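Listed below, chain by chain, are the residues.
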Amino acid sequence: MATHGKNGKARTNGAEKLIELRHITKQYMNAAGTFTALDGIDFEASTAEFVAVVGKSGSGKSTLLNMLGGIDTPTSGEVIIDGTPIHRLNQNQLAVWRGKHVGAVFQFFQLLPTLTVIENVILPMDFCHIIPINQRKQRAIQLLEQVGIADQAYKLPTLLSGGQQQRAAIARAQANDPLIILADEPTGNLDSHTADATLQLFKDLTIAGKTVVMVTHERDVTAWVSRTVTLADGKVVSNSAVPNNREATYALA
Ligand code: ADP
(Lines give C-alpha, C1' and ligand atoms only; values in the text may rest on other atoms or scores of the structure.)
Protein backbone atom coordinates (compact mmCIF):
# COMPACT_ATOMS: atom_id res chain seq x y z
CA MET A 1 0.00 0.00 0.00
CA ALA A 2 1.18 3.50 -0.66
CA THR A 3 1.88 5.41 2.52
CA HIS A 4 2.07 9.15 2.90
CA GLY A 5 4.90 11.23 4.31
CA LYS A 6 4.51 14.48 6.24
CA ASN A 7 4.22 16.44 3.02
CA GLY A 8 1.31 14.27 1.89
CA LYS A 9 3.28 12.78 -1.01
CA ALA A 10 2.96 9.07 -1.67
CA ARG A 11 5.96 7.13 -0.39
CA THR A 12 7.14 4.44 -2.80
CA ASN A 13 9.73 1.69 -2.70
CA GLY A 14 12.26 4.30 -3.75
CA ALA A 15 12.45 3.42 -7.43
CA GLU A 16 13.61 6.50 -9.35
CA LYS A 17 10.84 6.06 -11.91
CA LEU A 18 7.55 4.79 -10.57
CA ILE A 19 6.59 3.34 -13.96
CA GLU A 20 9.06 1.99 -16.52
CA LEU A 21 8.12 0.19 -19.71
CA ARG A 22 11.18 -1.02 -21.61
CA HIS A 23 10.96 -2.02 -25.28
CA ILE A 24 7.40 -3.29 -24.99
CA THR A 25 6.02 -5.17 -27.95
CA LYS A 26 2.50 -6.57 -27.94
CA GLN A 27 1.34 -8.75 -30.79
CA TYR A 28 -2.08 -10.26 -31.33
CA MET A 29 -2.76 -13.23 -33.56
CA ASN A 30 -5.80 -12.91 -35.76
CA ALA A 31 -7.14 -14.57 -38.91
CA ALA A 32 -4.93 -12.38 -41.09
CA GLY A 33 -1.79 -13.28 -39.11
CA THR A 34 0.16 -11.36 -36.49
CA PHE A 35 -0.88 -7.81 -35.61
CA THR A 36 1.56 -5.59 -33.71
CA ALA A 37 -0.41 -3.29 -31.35
CA LEU A 38 2.68 -1.98 -29.49
CA ASP A 39 5.96 -1.85 -31.36
CA GLY A 40 9.01 -1.54 -29.06
CA ILE A 41 7.61 1.14 -26.74
CA ASP A 42 9.58 2.84 -23.96
CA PHE A 43 7.44 4.73 -21.45
CA GLU A 44 8.19 6.22 -18.05
CA ALA A 45 6.31 8.11 -15.37
CA SER A 46 7.52 9.54 -12.07
CA THR A 47 5.61 9.79 -8.82
CA ALA A 48 2.95 12.55 -8.88
CA GLU A 49 2.98 12.95 -12.64
CA PHE A 50 -0.24 13.37 -14.63
CA VAL A 51 0.49 11.80 -18.02
CA ALA A 52 -1.93 11.86 -20.94
CA VAL A 53 -1.55 9.15 -23.57
CA VAL A 54 -3.06 10.47 -26.78
CA GLY A 55 -3.37 9.30 -30.36
CA LYS A 56 -5.91 8.16 -32.88
CA SER A 57 -8.24 5.24 -32.31
CA GLY A 58 -6.32 1.99 -32.80
CA SER A 59 -2.91 3.53 -32.06
CA GLY A 60 -2.36 1.28 -29.03
CA LYS A 61 -3.37 3.53 -26.11
CA SER A 62 -5.60 1.05 -24.27
CA THR A 63 -3.12 -1.75 -24.88
CA LEU A 64 -0.44 0.39 -23.24
CA LEU A 65 -2.69 1.14 -20.27
CA ASN A 66 -3.45 -2.57 -19.90
CA MET A 67 0.30 -3.26 -19.66
CA LEU A 68 0.62 -0.71 -16.83
CA GLY A 69 -2.29 -2.25 -14.95
CA GLY A 70 -1.11 -5.82 -15.33
CA ILE A 71 -4.34 -6.58 -17.19
CA ASP A 72 -2.41 -7.76 -20.22
CA THR A 73 1.16 -9.04 -20.57
CA PRO A 74 3.69 -7.99 -23.20
CA THR A 75 4.88 -10.31 -25.98
CA SER A 76 8.36 -9.00 -25.16
CA GLY A 77 9.87 -6.25 -23.03
CA GLU A 78 9.72 -5.31 -19.36
CA VAL A 79 7.08 -3.62 -17.20
CA ILE A 80 8.63 -2.39 -13.96
CA ILE A 81 6.37 -0.63 -11.49
CA ASP A 82 7.74 0.76 -8.25
CA GLY A 83 10.71 -1.58 -8.66
CA THR A 84 8.60 -4.72 -9.30
CA PRO A 85 8.96 -6.46 -12.70
CA ILE A 86 5.25 -7.19 -13.05
CA HIS A 87 5.68 -8.98 -16.41
CA ARG A 88 7.21 -11.82 -14.38
CA LEU A 89 4.21 -12.26 -12.06
CA ASN A 90 1.70 -15.05 -12.63
CA GLN A 91 -2.04 -14.31 -12.89
CA ASN A 92 -2.72 -14.79 -9.17
CA GLN A 93 0.25 -12.63 -8.16
CA LEU A 94 -0.83 -9.99 -10.68
CA ALA A 95 -4.36 -9.86 -9.28
CA VAL A 96 -3.00 -9.24 -5.77
CA TRP A 97 -0.48 -6.70 -7.06
CA ARG A 98 -3.13 -4.85 -9.06
CA GLY A 99 -5.51 -4.58 -6.11
CA LYS A 100 -2.82 -2.90 -4.01
CA HIS A 101 -1.08 -0.69 -6.55
CA VAL A 102 -3.55 0.36 -9.22
CA GLY A 103 -6.93 2.07 -9.28
CA ALA A 104 -8.86 2.15 -12.55
CA VAL A 105 -11.33 4.67 -13.97
CA PHE A 106 -13.29 3.96 -17.16
CA GLN A 107 -15.30 5.86 -19.75
CA PHE A 108 -18.59 4.26 -18.70
CA PHE A 109 -17.81 4.36 -14.97
CA GLN A 110 -18.44 0.62 -14.46
CA LEU A 111 -20.07 0.99 -11.06
CA LEU A 112 -22.02 -2.09 -9.98
CA PRO A 113 -25.66 -1.02 -10.46
CA THR A 114 -27.14 -3.15 -7.67
CA LEU A 115 -24.81 -1.72 -5.01
CA THR A 116 -25.09 1.73 -3.49
CA VAL A 117 -22.35 4.25 -4.19
CA ILE A 118 -20.67 3.65 -0.82
CA GLU A 119 -20.88 -0.13 -1.29
CA ASN A 120 -19.14 0.30 -4.65
CA VAL A 121 -16.31 2.20 -2.92
CA ILE A 122 -16.01 -0.38 -0.12
CA LEU A 123 -15.94 -3.36 -2.53
CA PRO A 124 -12.22 -3.13 -3.51
CA MET A 125 -11.36 -2.81 0.20
CA ASP A 126 -13.27 -6.07 0.86
CA PHE A 127 -11.36 -7.79 -1.97
CA CYS A 128 -7.89 -6.69 -0.90
CA HIS A 129 -8.07 -6.79 2.92
CA ILE A 130 -5.57 -3.93 3.23
CA ILE A 131 -7.87 -1.48 4.97
CA PRO A 132 -9.02 -2.91 8.35
CA ILE A 133 -12.68 -3.93 8.23
CA ASN A 134 -13.74 -1.45 10.91
CA GLN A 135 -12.23 1.47 8.95
CA ARG A 136 -13.70 0.71 5.52
CA LYS A 137 -17.00 2.59 5.81
CA GLN A 138 -15.35 5.66 7.31
CA ARG A 139 -12.68 5.63 4.59
CA ALA A 140 -15.31 5.32 1.86
CA ILE A 141 -17.20 8.32 3.26
CA GLN A 142 -13.95 10.29 3.42
CA LEU A 143 -13.14 9.44 -0.21
CA LEU A 144 -16.65 10.41 -1.31
CA GLU A 145 -16.30 13.70 0.60
CA GLN A 146 -13.04 14.40 -1.22
CA VAL A 147 -14.74 14.07 -4.59
CA GLY A 148 -17.74 16.09 -3.38
CA ILE A 149 -20.51 13.48 -3.42
CA ALA A 150 -20.77 12.22 0.17
CA ASP A 151 -24.46 13.22 0.09
CA GLN A 152 -25.02 10.61 -2.66
CA ALA A 153 -23.41 7.73 -0.71
CA TYR A 154 -26.54 5.67 -0.09
CA LYS A 155 -28.07 6.00 -3.56
CA LEU A 156 -27.82 3.51 -6.39
CA PRO A 157 -25.42 4.73 -9.13
CA THR A 158 -28.19 5.08 -11.74
CA LEU A 159 -29.73 7.91 -9.68
CA LEU A 160 -26.54 9.97 -10.09
CA SER A 161 -25.54 12.18 -13.02
CA GLY A 162 -22.68 11.04 -15.29
CA GLY A 163 -20.29 13.44 -13.58
CA GLN A 164 -21.32 12.20 -10.14
CA GLN A 165 -20.90 8.57 -11.24
CA GLN A 166 -17.40 9.35 -12.48
CA ARG A 167 -16.62 10.99 -9.12
CA ALA A 168 -17.83 7.81 -7.41
CA ALA A 169 -15.56 5.78 -9.70
CA ILE A 170 -12.62 8.03 -8.83
CA ALA A 171 -13.36 7.52 -5.12
CA ARG A 172 -13.55 3.75 -5.73
CA ALA A 173 -10.21 3.82 -7.60
CA GLN A 174 -8.59 5.17 -4.43
CA ALA A 175 -10.14 2.59 -2.12
CA ASN A 176 -6.89 0.75 -1.34
CA ASP A 177 -4.72 3.89 -1.54
CA PRO A 178 -2.91 2.83 -4.75
CA LEU A 179 0.14 4.66 -6.06
CA ILE A 180 -1.22 4.73 -9.59
CA ILE A 181 -4.58 5.69 -11.08
CA LEU A 182 -5.15 4.50 -14.66
CA ALA A 183 -7.97 6.21 -16.55
CA ASP A 184 -9.21 5.07 -19.97
CA GLU A 185 -11.14 7.85 -21.74
CA PRO A 186 -12.56 9.04 -18.39
CA THR A 187 -14.18 12.15 -19.88
CA GLY A 188 -15.47 10.48 -23.05
CA ASN A 189 -19.02 10.26 -21.75
CA LEU A 190 -19.19 13.66 -20.01
CA ASP A 191 -20.16 17.17 -21.14
CA SER A 192 -17.26 19.62 -21.37
CA HIS A 193 -17.93 21.39 -18.05
CA THR A 194 -18.16 18.08 -16.15
CA ALA A 195 -15.13 16.78 -18.04
CA ASP A 196 -13.09 19.81 -16.92
CA ALA A 197 -14.10 19.22 -13.29
CA THR A 198 -13.13 15.54 -13.60
CA LEU A 199 -9.72 16.44 -15.04
CA GLN A 200 -9.22 18.86 -12.15
CA LEU A 201 -9.94 16.00 -9.73
CA PHE A 202 -7.19 13.92 -11.34
CA LYS A 203 -4.88 16.91 -11.18
CA ASP A 204 -5.66 17.27 -7.47
CA LEU A 205 -4.79 13.61 -6.95
CA THR A 206 -1.36 14.13 -8.50
CA ILE A 207 -0.76 17.15 -6.28
CA ALA A 208 -1.52 14.82 -3.36
CA GLY A 209 1.16 12.41 -4.64
CA LYS A 210 -0.70 9.95 -6.86
CA THR A 211 0.47 9.19 -10.38
CA VAL A 212 -2.26 9.37 -13.02
CA VAL A 213 -1.92 7.92 -16.52
CA MET A 214 -4.91 8.80 -18.66
CA VAL A 215 -5.77 7.68 -22.17
CA THR A 216 -7.73 10.19 -24.18
CA HIS A 217 -8.28 10.91 -27.84
CA GLU A 218 -10.95 13.53 -28.12
CA ARG A 219 -9.98 16.63 -26.19
CA ASP A 220 -7.16 19.01 -25.41
CA VAL A 221 -6.02 18.18 -21.88
CA THR A 222 -2.85 20.25 -21.82
CA ALA A 223 -4.37 22.60 -19.22
CA TRP A 224 -4.30 19.80 -16.64
CA VAL A 225 -1.62 17.23 -17.45
CA SER A 226 2.13 17.48 -16.84
CA ARG A 227 3.14 15.42 -19.89
CA THR A 228 1.63 14.20 -23.12
CA VAL A 229 2.78 11.00 -24.83
CA THR A 230 1.50 10.54 -28.37
CA LEU A 231 1.14 7.11 -29.96
CA ALA A 232 0.76 6.28 -33.64
CA ASP A 233 0.68 2.75 -35.03
CA GLY A 234 1.93 1.29 -31.76
CA LYS A 235 4.94 3.61 -31.48
CA VAL A 236 5.66 6.68 -29.33
CA VAL A 237 5.89 9.59 -31.76
CA SER A 238 6.17 12.39 -29.21
CA ASN A 239 6.71 12.82 -25.49
CA SER A 240 6.42 16.40 -24.29
CA ALA A 241 6.23 18.10 -20.91
CA VAL A 242 3.40 20.60 -20.43
CA PRO A 243 3.86 23.70 -18.26
CA ASN A 244 1.01 23.65 -15.78
CA ASN A 245 -0.11 26.35 -13.37
CA ARG A 246 -3.50 25.17 -12.17
CA GLU A 247 -4.04 25.01 -8.42
CA ALA A 248 -5.50 22.07 -6.54
CA THR A 249 -9.11 22.48 -5.40
CA TYR A 250 -8.58 20.17 -2.42
CA ALA A 251 -5.81 18.19 -0.77
CA LEU A 252 -6.13 14.55 0.14
CA ALA A 253 -5.91 13.73 3.83
P1 ADP B 1 -6.58 2.58 -28.90
O2 ADP B 1 -6.81 2.46 -27.44
O3 ADP B 1 -5.52 3.57 -29.27
O4 ADP B 1 -7.85 2.82 -29.66
P5 ADP B 1 -6.04 -0.25 -28.76
O6 ADP B 1 -4.90 -0.37 -27.83
O7 ADP B 1 -7.41 -0.55 -28.22
O8 ADP B 1 -6.02 1.19 -29.44
O9 ADP B 1 -5.82 -1.21 -30.01
C10 ADP B 1 -4.65 -1.15 -30.83
C11 ADP B 1 -4.80 -2.13 -31.91
O12 ADP B 1 -4.72 -3.45 -31.39
C13 ADP B 1 -6.15 -2.03 -32.64
O14 ADP B 1 -5.92 -2.19 -34.03
C15 ADP B 1 -6.92 -3.18 -32.07
O16 ADP B 1 -7.85 -3.68 -33.04
C17 ADP B 1 -5.85 -4.21 -31.77
N18 ADP B 1 -6.23 -5.05 -30.63
C19 ADP B 1 -6.44 -4.63 -29.38
N20 ADP B 1 -6.78 -5.66 -28.57
C21 ADP B 1 -6.78 -6.77 -29.38
C22 ADP B 1 -7.05 -8.17 -29.15
N23 ADP B 1 -7.36 -8.62 -27.93
N24 ADP B 1 -6.95 -9.00 -30.22
C25 ADP B 1 -6.61 -8.55 -31.43
N26 ADP B 1 -6.34 -7.26 -31.71
C27 ADP B 1 -6.42 -6.38 -30.71
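Residues numbered from 1 in each chain as written. Predicted model: local features only at pLDDT ≥ 70, side-chain atom pairs only at ≥ 80, totals over all residues. Heavy atoms only, no water.

Colleague: How should I be thinking about the overall build of the protein in this particular structure?
Modeller: When its secondary structure is counted, the protein shows six helices and 12 strands. Counting across all 253 residues of the protein, residues that qualify as buried make up 49%. For the protein, the proportion of contacts with a sequence separation of at least 24, taken over those separated by at least 6, is 69%. Accessible surface, the protein: about 11800 Å² in total, of which carbon and sulfur atoms supply 51%. (Helix = DSSP H or I, 4+ residues; strand = E, 2+ residues; numbered from the N terminus. Buried < 20%, exposed > 50% of the residue type's maximum accessible area, 1.4 Å probe, protein only. Contact = heavy atoms within 4.5 Å. Areas by Shrake-Rupley, 256 points an atom, 1.4 Å probe, with all protein chains shown as cover.)

Colleague: Can you help me understand the side chain of E185 in this one?
Modeller: In this fold, E185 is placed in the loop between β9 (180–184) and α6 (192–207). Lacking a salt bridge, the buried E185 has K61 as its closest oppositely charged neighbour, with an N-O distance of 4.8 Å. (Lys, Arg positive; Asp, Glu negative; His and termini not counted. Salt bridge = Lys/Arg side-chain N within 4 Å of Asp/Glu carboxyl O.)

Colleague: Sorry, what's going on with the layout of surface pockets here?
Modeller: Unfilled space is identified by rolling a water-sized probe across the atoms. Its volume calculated, the largest pocket comes out at about 530 Å³. If you trace the largest pocket, you find 22 residues lining it, with R98, G99, V102, A104 and P124 closest to the centre. Contributions of two or more residues to the lining of the largest pocket are made by α2 (91–101), β8 (102–106), α3 (117–128) and α5 (162–173). Here the element with the most residues in the lining of the largest pocket is α3; it accounts for five residues. Of the residues assigned to the lining of the largest pocket, the class counts are 14 nonpolar, six polar and two charged. (1 Å grid on protein atoms, 1.4 Å probe; cavity = no way out; pocket = protein on both sides within 12 Å on 5 of 7 lines; lining within 4 Å. Points joined across faces, edges and corners; volume = space filled by probe spheres on them. Nonpolar A, V, L, I, M, F, W, Y, C, P; charged D, E, K, R; others polar.)

Colleague: What exactly am I supposed to notice about the sheet that holds strand β7 (residues 84–85) here?
Modeller: Across a sheet, strands are paired by hydrogen bonds formed along the backbone, either parallel or antiparallel in direction. Pairing within the open sheet is antiparallel, and its four strands lie in the order β4-β3-β6-β7. The open sheet terminates on both sides in strands that have one partner only, identified here as β4 (33–45) and β7. Contacts between helix α1 (residues 61–68) and the sheet are confined to β3 (19–30), β4 and β6 (76–81), with β3 contributing the most and set at about 120° to the helix. (Pairing = 2+ DSSP bridges. Axes fitted to C-alpha atoms, helices over the stretch in contact; angles between N-to-C directions.)

Colleague: Explain the pairing of strand β12 (residues 235–241) here, please?
Modeller: The pairing of strand β11 (residues 227–232) with β12 spans six bridges and is classified as antiparallel. Across the sheet, the residue bridging to V229 is N239, located in β12.

Colleague: I keep staring at the sheet that holds strand β10 (residues 211–215) and nothing clicks. Help me out?
Modeller: Strand order in the open sheet made by the six strands is β8-β9-β10-β5-β11-β12, with mixed pairing throughout. Both outer strands of the open sheet, β8 and β12, are each paired with one neighbouring strand and no more. With strand direction ignored, the average angle separating the axes of adjacent strands in the sheet is 15°. Judged from the four bridges that link them, strand β5 (residues 50–54) and β11 form a sheet pairing that is parallel.

Colleague: Mind showing me how you'd approach unusual backbone geometry here?
Modeller: Keep in mind that most residues, glycine aside, have a negative phi and that most peptide bonds are trans. Within the chain, F109 stands out as a residue other than glycine whose phi angle is a positive 70°. Structurally, the position occupied by F109 is in the loop between β8 and α3.

Colleague: What exactly am I supposed to notice about the site of the ligand here?
Modeller: Close to the ligand lie Y28, F35, A37, K56, S57, G58, S59, G60, K61, S62 and T63. Y28 places a side-chain nitrogen or oxygen 3.5 Å from a nitrogen atom of the ligand. Out of a free accessible area of 570 Å², the ligand has 61% covered by protein chains. Within the residue set of the shell around the ligand, elements represented by two or more residues are β4 and α1. No other element matches the three residues that α1 contributes to the shell around the ligand. The residue makeup of the shell around the ligand, split by class, is three nonpolar, six polar and two charged. (Near = heavy atom within 4 Å. Polar contact = N/O pair within 3.5 Å; in protein donor to acceptor, adjacent residues only side chain to side chain.)

Colleague: How do you make sense of the pattern of salt bridges when you look at a structure like this?
Modeller: Think of it this way: side chains of opposite charge can pair up when their charged atoms draw near. As enumerated under the stated definition, the model contains nine salt bridges in all. Salt-bridge contacts for R136 lead to D126; the nearest nitrogen and oxygen are separated by 2.9 Å. Residue R136 is located in helix α4 (residues 136–146), and its partner D126 is located in helix α3; the two are separated by 10 residues in the primary sequence. Since its relative accessible area comes to 8%, R136 is described here as buried. For D177, the salt bridge goes to K210, with nearest N and O atoms at 2.5 Å. Highlighted residues: D177 in the loop between α5 and β9 and K210 in the loop between α6 and β10, separated in sequence by 33 residues. A residue is classified by how much of its surface remains accessible, and D177, at 12% relative accessible area, is buried. Three or more residues joined by partner-sharing salt bridges are found here, namely E20, R22, E78 and R88.

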